[in-house]
Amino acid sequence: RDTSINLTQYIAGKLGERLGRFINTQCTTGAIKARGIVNRATTGITAASASAAVADELIQLVHQIDPAYRIGSSWMMNDAIALAYRLLKHGDGHYIWSDNFAGGQPNSLLGYPVFINNDMATAAASAITTLFGQLSAYKIRMVEEIRITQTDQRYWEYDQTGVAAYVVFDGDLLDAGTHPVKTLVLHS
């Protein structure tokens, strides 16, 4: 009653953000609530280095995907890996990364869109740092709508209200033996 903001709206926004981050983590690297895309993708390339990939290895990863599935393929990596790739150059000195200055459009790497997901691993030995392929083959199933509940009974002696949010979901990579998403793994 003594706040200058719409507290209910603020809490709902923060709960939505928290649930979104939780779902993203589970759908990226999870093994229990969802079968994360990193765990379900097949190995494409193992980099020669334990700390970084080179341009040739990224080109090899593209060619691990069946040509019929390359159309519509894209990259997924965290921001630190994206920075490392932004600095890679072709033999002619030009960068392999292309910034897209059109609003709302992703940057591209070797002509394919790049999506930043900070739940992907950073550079470390044996880390899966990069995905390439038909990322749209990963499906998330929301079992029911997100439920937000509130109670004032549990906290009545403090004149407070508790708020909780619930979500039921799962996710998996659809793979009919075509292996639509491949990984780049750093050397161990």
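What counts as what
Residues numbered from 1 in each chain as written. Predicted model: local features only at pLDDT ≥ 70, side-chain atom pairs only at ≥ 80, totals over all residues. Heavy atoms only, no water. Buried < 20%, exposed > 50% of the residue type's maximum accessible area, 1.4 Å probe, protein only. Helix = DSSP H or I, 4+ residues; strand = E, 2+ residues; numbered from the N terminus. Arc of directions from axis to C-beta. Pairing = 2+ DSSP bridges. Contact = heavy atoms within 4.5 Å. Axes fitted to C-alpha atoms, helices over the stretch in contact; angles between N-to-C directions. 1 Å grid on protein atoms, 1.4 Å probe; cavity = no way out; pocket = protein on both sides within 12 Å on 5 of 7 lines; lining within 4 Å. Points joined across faces, edges and corners; volume = space filled by probe spheres on them. Phe/Tyr/Trp six-rings, centres within 6.5 Å; stacked < 30°, edge-to-face > 60°. Core = buried A, V, L, I, M, F, W, Y, C linked by side-chain atoms within 4.5 Å. Patch = residues over 30% accessible without salt bridge, like charges linked within 9 Å, V, L, I, M, F, W, Y side chains within 5 Å. Areas by Shrake-Rupley, 256 points an atom, 1.4 Å probe, with all protein chains shown as cover. Salt bridge = Lys/Arg side-chain N within 4 Å of Asp/Glu carboxyl O.

Novice: Even after reading the chapter, I still don't get helix 3 (residues 55-62), so can you show me in this structure?
Specialist: Since the α-helix turns once every 3.6 residues, residues separated by three or four places project in the same direction. Among all positions of helix 3, only Ala55, Glu57, Leu58, Leu61 and Val62 are buried. All buried residues of helix 3 fall inside an arc of 160° around its axis, so they share one side.

Novice: Explain the sheet that holds strand 11 (residues 181-185) to me, please; I cannot follow it from the model alone.
Specialist: Across a sheet, strands are paired by hydrogen bonds formed along the backbone, either parallel or antiparallel in direction. The 7 strands lie next to each other as 1-11-6-2-5-4-3, forming an open sheet whose pairing is mixed. Since the sheet does not close on itself, it has two edges, and those belong to strand 1 (42-46) and strand 3 (97-98), each with one partner. Two strands pair when backbone bridges link them, and strand 3 and strand 4 (residues 108-109) are joined in this way by 2 bridges, in the antiparallel orientation. Bridge pairing links tryptophan 97 to leucine 109 in strand 4. The strands touched by helix 3 are strand 1, strand 2 (74-77), strand 4, strand 5 (112-116), strand 6 (128-133) and strand 11; relative to strand 11, the strand with the most contacts, the crossing angle is about 160°.

Novice: Would you mind showing me how to read the layout of surface pockets here?
Specialist: Unfilled space is identified by rolling a water-sized probe across the atoms. In this model, the largest pocket occupies a volume close to 370 Å³. In terms of lining, the largest pocket is formed by 13 residues, of which the most central are Leu7, Thr8, Ile11, Thr161 and Val163. Elements that contribute at least two residues to the lining of the largest pocket include exactly helix 1 (7-29) and strand 8 (147-151). The element contributing the most residues to the lining of the largest pocket is helix 1, with 5 residues.

Novice: Before we go on, may I ask you to explain the environment of histidine 179 in this structure?
Specialist: Relative to the assigned elements, histidine 179 resides in the loop between strand 10 (169-173) and strand 11. When the C-alpha positions of histidine 179 and aspartate 66 are compared, they lie 8.5 Å apart, and in sequence the two are 113 residues distant. Other than its neighbours up to four places away in sequence, histidine 179 contacts Thr42 and Ile65.

Novice: Can you help me understand the packing of aromatic side chains in this one?
Specialist: Applying the stated criterion to the full structure yields 3 aromatic pairs. Taking 6.0 Å as the distance between ring centres and 90° as the angle between the ring planes, the aromatic pair formed by phenylalanine 22 and phenylalanine 169 counts as edge-to-face. On the criterion of sequence distance, the pair formed by phenylalanine 22 in helix 1 and phenylalanine 169 in strand 10 is long-range, its members being 147 residues apart. Plain terms: the ring middles of tryptophan 75 and phenylalanine 132 are 4.5 Å apart, the flat faces sit at 50° to each other, and that makes the pair tilted. Of the two residues, tryptophan 75 sits in strand 2 while phenylalanine 132 sits in strand 6, which places them 57 residues apart along the sequence. Relative accessible area serves as the criterion here: at 0%, tryptophan 75 is assigned to the buried category. The buried category is assigned to phenylalanine 132, whose relative accessible area is 0%. Among the aromatic residues, those joined into a cluster by ring pairs are Trp75, Tyr112 and Phe132.

Novice: What should I look at first to understand the nonpolar core in this one?
Specialist: Nonpolar side chains in soluble globular proteins tend to be buried together. Counting residues in each nonpolar core, the largest one holds 22 residues, and the members touching the most others are Leu58, Trp75, Met77, Tyr85, Leu109 and Leu184. Taken together, the elements giving at least two residues each to this core come down to helix 3, strand 2, helix 5 (79-86) and strand 5. In terms of nonpolar packing, the next biggest core, distinct from the first, is built from 17 residues, Ile23, Ile37, Met120 and Phe169 among them.

Novice: Would you explain a nonpolar patch on the surface in this entry?
Specialist: A cluster of nonpolar side chains, Ile140, Met142, Ile146, Ile148 and Val163, forms an exposed patch at the surface whose accessible area comes to about 410 Å². Along the polypeptide, isoleucine 146 turns up in the loop between strand 7 (138-142) and strand 8. Judged by its relative accessible area of 41%, isoleucine 146 falls in the partly exposed class.

Shape descriptors only; they carry no functional weight alone.
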